[in-house]
Amino acid sequence: MIATEQSGIAWVVLNRPDKRNAMSPTLNDEMVEVLDAVAVDDRSQVLVLTGAGNSFTAGMDLKEYFREVDALPPVQQEIRRRTAHLWQGPRLRGFPKPTIAMVNGYCFGGGFTPLVSCDIAVAAGDAMFGLSEVNWGIIPGGNVPQAIVHTMSLRDALYYGMTGETFDGRKAAEMRLVTEAVPAGRLRERVIEIAELLKAKNPTVVRGTKEAVRHIRSMGWTEAEDYINTKLAAAVNTDPEQGRARGLTQFLDEKSIKPGLQAYSRPAGESEGHGR
Ligand code: COA
């Protein structure tokens, strides 16, 4: 694992290129630690998850995560495997900063969970995706079915889950599994552009928006309305830069912005990430 900070972006790199960044129990343990460290590190405002070499991740490690752990007693199996679900699911989905998956190559099987857990995903047009579980004899685990039905259409989830056929980054974008696909040579540049857009926004509001959008999917209309209103009030009350008041003043009194076209001007230092 490599985690570096650069101009407010935490680059978290799955770093087992000789194993196509397959996710072993050790990698999973490290990812929990890395995510927890980046979450509270004021130097970064956005997290980018990517892979070293020609792979985002080849999915769960068939040797270290499956075969070797299968040989352990049941309780030890549970302990050895639990960090996979922890980092790929709750830690990443609920990450307190915006997250971008930069899919630079292979993305197979269990790799779909961290992919979907990131808020935004940008893929190289020639990246290769596949729900390969069927090809080695298992039903997709690790909440992969949940991840795919949340992002792909039912038809696409069933087709690719049942056939294991591969598809490229362009097709992934067409299916909305990723936000967009760009030529491989522009991948990093495009991810930085999106990270810069996010960095310039009010982090309290960005965080509340992502939480609201994610959480209401499992709620009915009325519960969602109630939850959002509560969330909105909490964000207004806890926002250190009082964005709502600033936005209203700059539009209605000073007439210095049009919120439809640009964001309110934040207090000095905030957009450079010195405030939270
Ligand atoms: N688990 C464990 N090891 C893996 C792995 C995985 N998911 N994916 C790749 N590796 C290992 C290979 O065993 C090989 O190890 P070795 O050098 O010790 O023999 C090494 O990584 C390189 O893999 P290789 O298959 O030679 O690379 P490739 O570039 O020709 O093919 C893939 C890349 C991703 C297409 C191919 O490795 C593959 O199909 N991997 C399995 C993908 C999968 O089904 N994942 C789902 C898991 S839920």
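Conventions adopted
- Residues numbered from 1 in each chain as written.
- Predicted model: local features only at pLDDT ≥ 70, side-chain atom pairs only at ≥ 80, totals over all residues.
- Heavy atoms only, no water.
- Axes fitted to C-alpha atoms, helices over the stretch in contact; angles between N-to-C directions.
- Helix = DSSP H or I, 4+ residues; strand = E, 2+ residues; numbered from the N terminus.
- Parallel < 35°, antiparallel > 145°, perpendicular 65-115°, else oblique.
- Left-handed = near helix turned anticlockwise from the far one by under 90°.
- Contact = heavy atoms within 4.5 Å.
- Nonpolar A, V, L, I, M, F, W, Y, C, P; charged D, E, K, R; others polar.
- 1 Å grid on protein atoms, 1.4 Å probe; cavity = no way out; pocket = protein on both sides within 12 Å on 5 of 7 lines; lining within 4 Å.
- Points joined across faces, edges and corners; volume = space filled by probe spheres on them.
- Domains from an automatic or database assignment.
- Buried area = accessible area lost by both parts, 1.4 Å probe.
- Salt bridge = Lys/Arg side-chain N within 4 Å of Asp/Glu carboxyl O.
- Polar contact = N/O pair within 3.5 Å; in protein donor to acceptor, adjacent residues only side chain to side chain.
- Phe/Tyr/Trp six-rings, centres within 6.5 Å; stacked < 30°, edge-to-face > 60°.
- Buried < 20%, exposed > 50% of the residue type's maximum accessible area, 1.4 Å probe, protein only.
- Lys NZ or Arg CZ within 6 Å of the ring centre and 35° of its normal.

Student: Report on the packing of helix 9 (residues 203–215) against helix 10 (residues 221–238), specifying residues and quantitative values.
Tutor: The relative placement of two packed helices comes down to the angle between their axes together with the axis-to-axis distance. The geometry of helix 9 relative to helix 10 is characterised by a closest axis approach of 10 Å and an angle of 165° between their N-to-C directions. As far as their axial angle goes, helix 10 and helix 9 are roughly antiparallel. Viewed along their axes, helix 9 and helix 10 form a crossing whose handedness is right-handed. Taken together, the residues of helix 10 that come into contact with helix 9 (itself represented by Thr 204, Gly 208, Glu 211, Ala 212 and His 215) are Tyr 227, Lys 231, Ala 235 and Thr 238. Here the residues of the contact of helix 9 with helix 10 are counted per class, giving three nonpolar, four polar and two charged.

Student: Requested: an account of the layout of surface pockets, with residues and values cited.
Tutor: Taken as a whole, the largest pocket spans an internal volume of roughly 820 Å³. If you go around the largest pocket, you meet 33 residues; those closest to its centre are Arg 93, Val 116, Cys 118, Arg 214 and Arg 217. Residue contributions to the lining of the largest pocket peak at six residues, all from helix 9. When its residues are assigned to classes, the lining of the largest pocket shows 13 nonpolar, 14 polar and six charged.

Student: How would you explain the domain arrangement of the protein chain if you had to name every residue and give the values?
Tutor: Along its sequence, the protein chain is organised into domain 1 (2–199) and domain 2 (202–276). For domain 1 and domain 2, the distance between their C-alpha centroids amounts to 28 Å. Facing 15 residues of domain 1, the contacting portion of domain 2 comprises 10 residues. Of the roughly 1000 Å² buried at the junction of domain 1 and domain 2 (both faces included), carbon and sulfur atoms supply 38%. Linking domain 1 with domain 2 are two salt bridges. Its salt-bridge partner being Lys 210, residue Asp 119 comes within 2.9 Å of it at the nearest N-O pair. Applying the counting criterion to the domain 1 and domain 2 interface returns seven residue pairs in polar contact (both at pLDDT 80 or more). Of the residues belonging to the side of domain 1 that touches domain 2, the class tally is six nonpolar, four polar and five charged.

Student: Describe the packing of aromatic side chains, with residues and values.
Tutor: Applying the stated criterion across every chain, the model contains eight aromatic pairs. Ring centres of Phe 112 and Phe 167 lie 6.4 Å apart, and the angle between their planes is 80°; this geometry places the pair in the edge-to-face category. Here Phe 167 lies in strand 9 (residues 166–168) and Phe 112 lies in helix 4 (residues 112–117), a separation of 55 residues in the sequence. Taking relative accessible area as the criterion, Phe 167 reaches 6% and is therefore assigned buried. On the basis of an interplanar angle of 85° and a centroid distance of 5.0 Å, the ring pair of Tyr 159 and Tyr 160 is categorised as edge-to-face. In this structure Tyr 159 comes out as partly exposed when scored by relative accessible area, which is 39%. A residue is classified by how much of its surface remains accessible, and Tyr 160, at 8% relative accessible area, is buried. One aromatic cluster in this structure is built from Phe 112, Phe 129, Tyr 159, Tyr 160 and Phe 167. The ring of Tyr 65 carries Arg 81 above its face, with NZ or CZ at 5.3 Å from the centroid. The ring of Trp 11 is capped by Arg 188, whose NZ or CZ atom sits 4.0 Å from the centre of that ring.

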